[in-house]
Amino acid sequence: MNRPRLVFILMLLVVVAIVAGIFSYEPFWKKISAFRPWSLGLDLAGGSFLTYDVDLSQVSALDRDSVVKGLRDVIEKRVNLFGVSEPRVYEERAGEKTRLVVELAGIKDVSQAIREIGATPFLDFREVPENATNTEQFIKTSLNGRYVKGAQISFDSVTRKPQVNIEFNDEGAKIFENLTAKNVDKPLAIFLDEDLIEMPTVREKIGGGKAQITGAFTLDSAKQLVERFNAGALPAPITLVNQQTISADFGKDSLAKAILAGAIGTLVIIIFMMIYYRVFGIFASVALLMYIALALAVFKIFPITMTLAGIAGFILSIGMAVDANILVFERTKEEKRKGFYLGTAIEEGFKRAWPSIRDSNISTLITSAVLYYLTSGFVRGFALTLFIGVVISMFSAITISRTLLRVFMKGKEVVAK
Amino acid sequence: MDLIKNKNYFLGFSVALVLTSWLLIAFLGLKPGIDLKGGTVWQISFQKADVSEESIRSALREEESNLDVLVKKSSEGSFIIRLGDIGEEAHQKYSKALSDKFGDLEEKNFSSIGPTVGSELRRKATWAILAVILGISLYIAWAFRKVSEPIKSWKYGIATLISLLHDVSIPTGMLALLGYWKGIEIDTNFIVALLVVMGFSVHDTIVVFDRIRENLLINRGRKITLGEIINYSINETLVRSINTSLTLMLVLVALLVFGPPTLFYFVLTILVGTIFGTYSSIFVASPLLYLWQKKS
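Just so it is clear, the structure is predicted and the values come from calculations on it, not from any experiment.

### A closer look at unusual backbone geometry
Residues and elements named next belong to chain A. Pro 303 follows Phe 302 through a cis peptide bond whose omega is -10 degrees. Mapped onto the fold, Pro 303 is located in the loop between helix H9 (279-301) and helix H10 (308-337). Here the phi dihedral of Arg 278 falls at roughly 55 degrees; this positive angle occurs in a residue that is not glycine. If you trace the backbone, Arg 278 turns up in the loop between helix H8 (248-277) and H9.

Right, dumping it as structure tokens:
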């Protein structure tokens, strides 16, 4: 490659890295950096993780996915009600079990949120066998809150007592019709959150998918129930099995410390490289700084949610990014000892060091890929940033530092000759 | 540096360390963290500075007389409380009891993990470890796929795996000691750290072995002993082995000193693993290869 072309490539790389740096470092130039803000994990931004076990024992295997999706939607709606910015609700499978993780960023009162989510009513209908002596013996049916389309409040024309009218969707209406047809002149129990609230006797088959719960409601409790039904009834019961809350200050403090440690680590590496490899060290340091800018911009643009573990993974990748340079420089020294000119030795160094660079990164890539696929949460963030960091560093340590060396060292060689 | 001549010292040092680690693990045991066995960690701080560990403990025991609780002061007015797997109701109750007694409290971190979640995580972690070992073994098989004389390919592989075991045993032994001494627990982070150490350890060893193989090929037919070739190869790769690990250690030390305290033991595990990983790739793996080859 001729020199003007190399210089052009170098300029291009430098410009890209500078733009990437400005984009990553928010306070620098808001116009560029603000178009996509950093996505910070809850351990840095502060907030709560709630993990719920979903009881799918009453749901047929075919319906599982739709039930879980429905559950997610309902919880999302509920969480939105109390104004959390961008709540995330996602599913996590652990063998046979299905879990829902709710992430609430920047929430003040978690216990209220827990109450609200848990308070979502779970309604179900149960058949009452003859000579049943207690509610344990009632038989659960497939009809439950997930078939509820909407609910209204109304008042009994005689007693003026509030009652709740619920309307089933088409599927629910069919089940309700069959259920009532099967149980004419028998009682049918209505349970709310596992409590029996009413056991009316079915007079005749009911079509059209409407049911009325009379129960002993006060005006307030009826209203609340209707509201909750309309926000969505839970299609399956859930229990809270895991919760974690991190205060915003604690998160901010962790973030600041991690960034400080990363900066100091980078600085120490630069000092080391400059002392040990002199001029080469300067090029390696420039390549390292460009690597940091590029990798951060990639994390930000995707965006990859940065967690504390994720930042740790990235900082480790900074420590490994100069490895490739060290391999190249050591190889270059060896080639020079064999009597090659500096320029040729550099080219040979890059060529011969490449298999080692590739091999030495593969084992780390294997580890991070395994971690990414087999784990969840915090660990995943670590694996992802480590993986992406290593891949980008392979590019930067080779392409960027080679271009730098070609542009600046080639000229010197001519003089030296 | 004559590695082969002094191999017994280097190997002896490693054997002693690994055996000590195993003894520590066997006798002191490893303490599972709450994410692996279930339980609660609650980090709070009070505005009042004169709250003591004992007063918190007794305040909590007033609520629940035989409560299994550990209170540890982390800094002035800040405490880490460890409890069993408590529900949200109990959390509210304790929170109220403490703020009634000692004034406003700030909750920095509350995590409560049910026992089933813990056992699942344990299963997942086991799978992850097995998958990494499998992946690394396949990688070693691939890296040494070309049949080489006079040393058979699989011998490189086994020697690499033995040094891997060495690199993982020592930080685990250290954690057993820290668990006994300071109550440090083994959590998911620790397992992740071990897996990362495995990745690093293997690559260092492979770089050295690669060079040994290369020099064996170049010097085929010449009158030169295996010991000389190994010595020569080690010395050739010594600077880069040390320097690549050193740069990693520099950032790890920066993280240890300036980084967030929650990452301390995670980083420490990787650091110790990296130090012994570098040691083993130079002073353990190659002497092992030499001894083995001499025997047969």
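The rest of the description comes next.
### Some thoughts on the interface of chain B and chain A
The interface is formed by 52 residues belonging to chain B together with 50 residues belonging to chain A. Sorting the residues of the side of chain B that touches chain A by element identifies helix H4 (88-102), strand E4 (105-113), helix H5 (115-143), helix H7 (188-218) and helix H8 (226-258) of chain B as the ones contributing at least two each. Split into classes, the residues belonging to the side of chain B that touches chain A amount to 29 nonpolar, 15 polar and 8 charged. Relative to E4(B), strand E11 (residues 238-246) of chain A runs antiparallel, the two sharing 5 bridges. Note that in E4(B) the partner of Gln244(A) across the bridge is Ser111(B).

### Things to note about the sheet that holds strand E5 (residues 139-144) of chain A
Residue and element names in this part refer to chain A. Strand order in the open sheet formed by 4 strands is E5-E4-E8-E9, and the pairing between neighbours is antiparallel. Looking along the sheet, the strands with just one partner apiece sit at the ends: E5 and strand E9 (195-198). Taken pair by pair, the neighbouring strands of this sheet meet at an average axis angle of 40 degrees, ignoring direction. This element, helix H6 (residues 170-182), spans strand E4 (123-127) and E5 of the sheet and lies at about 145 degrees to E5.

### As for H10(A)
The end-to-end C-alpha distance of H10(A), which contains 30 residues, comes to 45 Å, matching closely the 44 Å that a straight helix rising 1.5 Å per residue would cover. Counting buried residues along H10(A), 26 of its 30 residues qualify, which places the element largely inside the surrounding structure.

### Description of the nonpolar core
With 178 residues, the main nonpolar core has Ala312(A) and Val251(B) as its most contacted residues. When sequence neighbours within four positions are dropped, the list of residues in contact with Ala312(A) reads Phe382(A), Leu255(B), Leu263(B) and Phe266(B). Ranked by size, the runner-up nonpolar core spans 19 residues in total, among them Phe138(A), Ile166(A), Ala222(A) and Val226(A).

### What about the domain arrangement of chain A?
Taken as a whole, chain A is organised into domain 1 (3-36 + 247-416) and domain 2 (47-243). The centre of domain 1 of chain A, based on its C-alpha atoms, is set 53 Å off from the matching centre of domain 2 of chain A.

### Quick look at the domain arrangement of chain B
Size of an interface, as often reported, equals the accessible area lost when the parts are brought together. Taken domain by domain, chain B comprises domain 1 (7-34 + 116-295) and domain 2 (39-113). Each of domain 1 of chain B and domain 2 of chain B has a C-alpha centre, and the two are 41 Å apart.

### A short note on the packing of helix H1 (residues 7-28) of chain B against helix H6 (residues 153-182) of chain B
Geometrically, a packed helix pair is captured by the angle between its two axes and the distance between the axes. All names here are of chain B. Running from amino to carboxyl end, H1 crosses H6 at an angle of 45 degrees, the nearest separation of the two axes being 8 Å. Accordingly, the angle class assigned to the pair H1 and H6 is oblique. For the crossing formed where H1 meets H6, the hand is left-handed. Note on element contacts: H6 touches H1 through His 166, Ser 169, Ile 170, Thr 172, Gly 173, Ala 176, Leu 177, Gly 179 and Tyr 180, opposite Ser 14, Leu 17, Val 18, Thr 20, Ser 21, Trp 22, Leu 24, Ile 25 and Leu 28. Of the residues assigned to the contact of H1 with H6, the class counts are 10 nonpolar, 8 polar and no charged.

### Section: the pairing of strand E7 (residues 162-168) of chain A
Residue and element names in this part refer to chain A. Burial along E7 is one-sided: Pro 162, Val 164, Ile 166 and Phe 168 are buried, and none of Gln 163, Asn 165 and Glu 167, which face the opposite way, are. Strand direction decides the pairing type here: strand E6 (residues 148-155) and E7, joined by 7 bridges, are antiparallel. Bridge assignment links Gln 152 to a residue of E7, and that residue is Asn 165. Between the antiparallel neighbours E6 and E7 lie 6 residues, among them Arg 160 with a positive phi of about 65 degrees. Strand direction decides the pairing type here: E7 and strand E10 (residues 210-213), joined by 4 bridges, are antiparallel. Its bridge partner being in E10, Asn 165 is matched across the sheet by Gln 212.

### Let's talk about the environment of Ile139(A)
All names here are of chain A. Tracing the backbone through its elements, the reader meets Ile 139 in strand E5. Of the residues examined, Ile 139 has 10 C-beta atoms within 10 Å and is grouped as exposed. Expressed as a C-alpha distance, the spacing of Ile 139 and Val 128, which sit 11 residues apart in the sequence, is 6.4 Å. For Ile 139, the residues in contact, after removing those within four places along its chain, are Arg 126, Glu 127 and Pro 129.

### A word on the sheet that holds E10(A)
Residue and element names in this part refer to chain A. Taken in spatial order, the 3 strands line up as E6-E7-E10 in an open sheet, and their pairing is antiparallel. Unpaired on one side and paired on the other, E6 and E10 mark the two borders of the sheet. Taken over all neighbouring pairs, the strand axes of this sheet differ in orientation by 25 degrees on average, direction set aside.

### Concerning the environment of Tyr25(A)
Its place among the elements puts Tyr25(A) in the loop between helix H1 (3-24) and helix H2 (30-33). As a C-alpha pair, Tyr25(A) and Trp38(A) span 13 residues in sequence and 9.6 Å in three-dimensional space.

Basis of the calculations
- Residues numbered from 1 in each chain as written.
- Chains lettered and ligands numbered in written order.
- Predicted model: local features only at pLDDT ≥ 70, side-chain atom pairs only at ≥ 80, totals over all residues.
- Helix = DSSP H or I, 4+ residues; strand = E, 2+ residues; numbered from the N terminus.
- Contact = placed C-beta atoms within 7 Å.
- Nonpolar A, V, L, I, M, F, W, Y, C, P; charged D, E, K, R; others polar.
- Pairing = 2+ DSSP bridges.
- Axes fitted to C-alpha atoms, helices over the stretch in contact; angles between N-to-C directions.
- Expected span 1.5 Å × (residues − 1).
- Buried ≥ 20, exposed ≤ 12 C-beta atoms within 10 Å, placed from the backbone.
- Core = buried A, V, L, I, M, F, W, Y, C linked by C-beta atoms within 7 Å.
- Domains from an automatic or database assignment.
- Parallel < 35°, antiparallel > 145°, perpendicular 65-115°, else oblique.
- Left-handed = near helix turned anticlockwise from the far one by under 90°.

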